[in-house]
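Chain by chain, the residues:
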Amino acid sequence: MKSSAARGNEAGPLAKLLIARRPAILDGAMGTELARRGADTGLPLWSAGPLESAPETVKRIHADYIASGADIITTDTFRTTRRTFKRAGNPDRSAELTARAVSLARDARNESARTGVLIAGSIAPLEDCYHPELVPPDAALREEHAEHAARLAEAGVDFLLLETMGTVREAYAAAESARATGLEFVVSFICERHGNLYGGESMTEAVRGTASLNPAAFSINCVSPRFMDTALTSLRSALREIGAAGIPVGLYANVGTPGSETVMDNSQSMIEDVGPEEYAGFAAGWAREGAAFIGGCCGTTPGHIRAVARAMGRGV
């Protein structure tokens, strides 16, 4: 199956990275790391708020992940859609703050001594990741994801990361919008401990529903590392079933308490169940299973990514 990495005969930057480095190292969490450093991440803006109130902290987090060994850093755009600002009762600053988020990531990369670091543009579900019943109608999905993807592409990301997708319907709309930009994109699903999406669809349905749009890779994110092996088995089985076993697969887990619906407590603080060294042990296992890239989701820190890099034999 042809990947979105193919533009004529030329591979895109993500495809080149995944050939040069196996596994490539993705960064860790942004939202929970902002909270850990004292930034205001109150809902509904969450990680988007510090783009206004603490932009230097956002930039510092990117820089710390690069210094910890990340080959890919992810823009702080999980909640910069106009829908989020409307919910907050604020003027729509989505275009401005999406561009600012990309600029902060680019600045951190440019000021680093390392070369070859890629910037992934984060695209999240428009509503709550854990509540698939809130997914908007198709027309809204197409319009709002297209707007967000286009803004990220225009601002200069290297590829698009469609993350924490819990329904096939929204994953397809986001992937369709990403493909329209001409950039490579990754589709990353969130699933329950038995391997089905939060919307109840099977992983095979999820992969089959988006593979025709030629993503550069598939991924699982925001699942406890204690359940990630099941999710990985489910994803690989689904890819084999649709005849796409060669598509790269990535993993980035949260470090919350397994079995809880959310990895946050009521104050939006992280409930950490897995420390850096234990997380690196899980990552080493995923690398042995052939994961193309490995990073961290909610609750992971630069310390977690540094431990992963060392487990991969990187000198950081």
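Here is what the cut-offs are and how they apply
Residues numbered from 1 in each chain as written. Predicted model: local features only at pLDDT ≥ 70, side-chain atom pairs only at ≥ 80, totals over all residues. Heavy atoms only, no water. Helix = DSSP H or I, 4+ residues; strand = E, 2+ residues; numbered from the N terminus. Rg over C-alpha atoms; globule rule 2.2 N^0.38 Å. Buried < 20%, exposed > 50% of the residue type's maximum accessible area, 1.4 Å probe, protein only. Contact = heavy atoms within 4.5 Å. Areas by Shrake-Rupley, 256 points an atom, 1.4 Å probe, with all protein chains shown as cover. Lys, Arg positive; Asp, Glu negative; His and termini not counted. Charge placed at Lys NZ, Arg CZ, Asp CG, Glu CD. Pairing = 2+ DSSP bridges. Axes fitted to C-alpha atoms, helices over the stretch in contact; angles between N-to-C directions. pLDDT = per-residue confidence, 0-100. Core = buried A, V, L, I, M, F, W, Y, C linked by side-chain atoms within 4.5 Å.

## Points about the overall build of the protein
Broken down by element type, the protein carries twelve helices and ten strands. For the protein, whose C-alpha radius of gyration is 17 Å, the value lies close to the compact-globule estimate of 20 Å for 316 residues. The C-alpha extent of the protein, read off along each of the three principal axes, is 45 × 45 × 45 Å. When the 316 residues of the protein are sorted by exposure, 57% land in the buried category. Taking as baseline every contact in the protein between residues at least 6 positions apart, the subset at least 24 positions apart corresponds to 77%. On the protein, roughly 12100 Å² of surface is accessible, and the fraction owed to carbon and sulfur atoms is 48%. Charge separation in the protein, taken as the distance between the mean sites of 32 positive and 38 negative side-chain charges, equals 5 Å.

## Observations regarding the side chain of T41
Take T41: it is sitting in the loop between helix 2 (31–36) and helix 3 (50–53). Residue classification places T41 among the buried positions, given a relative accessible area of 8%. Filtering out sequence-adjacent residues up to four positions away, T41 remains in contact with G31, L34, A35, W46 and P50.

## Concerning the sheet that holds strand 9 (residues 249–253)
Judged by pairing direction, the sheet is parallel, and its eight strands sit side by side in the order 3-10-9-8-7-6-5-4 without closing on themselves. Each edge of the open sheet is held by one strand with a lone partner, namely strand 3 (24–25) and strand 4 (72–74). Direction of pairing for strand 4 relative to strand 5 (residues 118–123): parallel, over a ladder of three bridges. Within the sheet, the bridge partner assigned to I72 lies in strand 5 and is L118. The strands that helix 1 (residues 13–20) touches are strand 3, strand 4, strand 5, strand 6 (159–165), strand 7 (185–189) and strand 10 (293–296); relative to strand 5, the one it contacts most, it runs at about 120°. Packing against the sheet, helix 9 (residues 203–211) makes contact with strand 7 and strand 8 (217–221), and its axis sits at approximately 160° to strand 7.

## Considering the confidence of the model for the protein
When pLDDT is averaged along the protein, the result is 91, and 92% of the positions lie at 70 or above. Segment residues 1–8: pLDDT under 50, and 25 contacts once partners within four positions in sequence are set aside and those in other chains are kept. Contacts of residues 259–269 to residues separated by more than four positions or lying in other chains number 23 contacts, the stretch itself having pLDDT below 50.

## A closer look at unusual backbone geometry
Here the amide bond leading from R22 into P23 is cis, since omega sits at -5°, within 30 degrees of zero. Residue placement: P23 occurs in the loop between helix 1 and strand 3. Located in the positive-phi region is W46, a residue other than glycine, with phi close to 50°. For W46, the position within the fold is in the loop between helix 2 and helix 3. Given the relative accessible area of 13%, W46 is considered buried. One non-glycine residue, C222, lies in positive phi territory at about 60°. Tracing the chain through its elements places C222 in the loop between strand 8 and helix 10 (228–241).

## So, the nonpolar core
Counting 71 residues, the largest nonpolar core has L160, L162, F189, M203, F218, I220 and W286 as its most contacted members. Residue contributions to this core peak at six residues, all from helix 10. By size, the runner-up hydrophobic cluster in this structure holds 25 residues, among which are L14, Y130, L161 and A216.

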